[in-house]
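Chain by chain, the residues run as shown.
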Amino acid sequence: MQHNNENQNPIQENFEKYLAIITQCLEKLGDENLSLHESLQLYKEGMIHLKKAQNMLENAQFQCDELKKQFQEANKGE
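Here the structure is a predicted model, which means the values were calculated and not measured.

Moving on, we get to helix α1 (residues 10-29). For α1, which comprises 20 residues, the first-to-last C-alpha distance of 28 Å matches the rise-based estimate of 28 Å (1.5 Å per residue) to within 8%. Of the residues making up α1, those classed as buried are Tyr18, Ile21, Ile22 and Cys25. Each buried residue of α1 lies within a common arc of 100 degrees when the element is viewed along its axis, so the set occupies one face. Contact partners of the buried residues in α1: α2 (36-76).

Model confidence for the protein is summarised by a mean pLDDT of 88, while 87% of its residues fall at 70 or above. When the criterion is pLDDT under 50, residues 1-5 qualifies, and its contacts beyond four places in sequence or with other chains add up to two contacts.

Parameters and conventions
Residues numbered from 1 in each chain as written. Predicted model: local features only at pLDDT ≥ 70, side-chain atom pairs only at ≥ 80, totals over all residues. Heavy atoms only, no water. Helix = DSSP H or I, 4+ residues; strand = E, 2+ residues; numbered from the N terminus. Expected span 1.5 Å × (residues − 1). Buried < 20%, exposed > 50% of the residue type's maximum accessible area, 1.4 Å probe, protein only. Arc of directions from axis to C-beta. Contact = heavy atoms within 4.5 Å. pLDDT = per-residue confidence, 0-100.

So, in structure tokens, the structure goes:
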């Protein structure tokens, strides 16, 4: 099985990209020498990407719930 970027799901890549950006923002926010303006910009960037990642998780949960319902309905007659 190959594990290169060509075979990865674009949704997974975006989610992982958002998490990486959020992590970078958090690490940079720990810098005591950061100005207030820089801190606010990093916070804003992190929150934007956090919301995108959260939306992706909510969408994935919805899809899982729908698949579960379909599976349960398909197995009712058995």
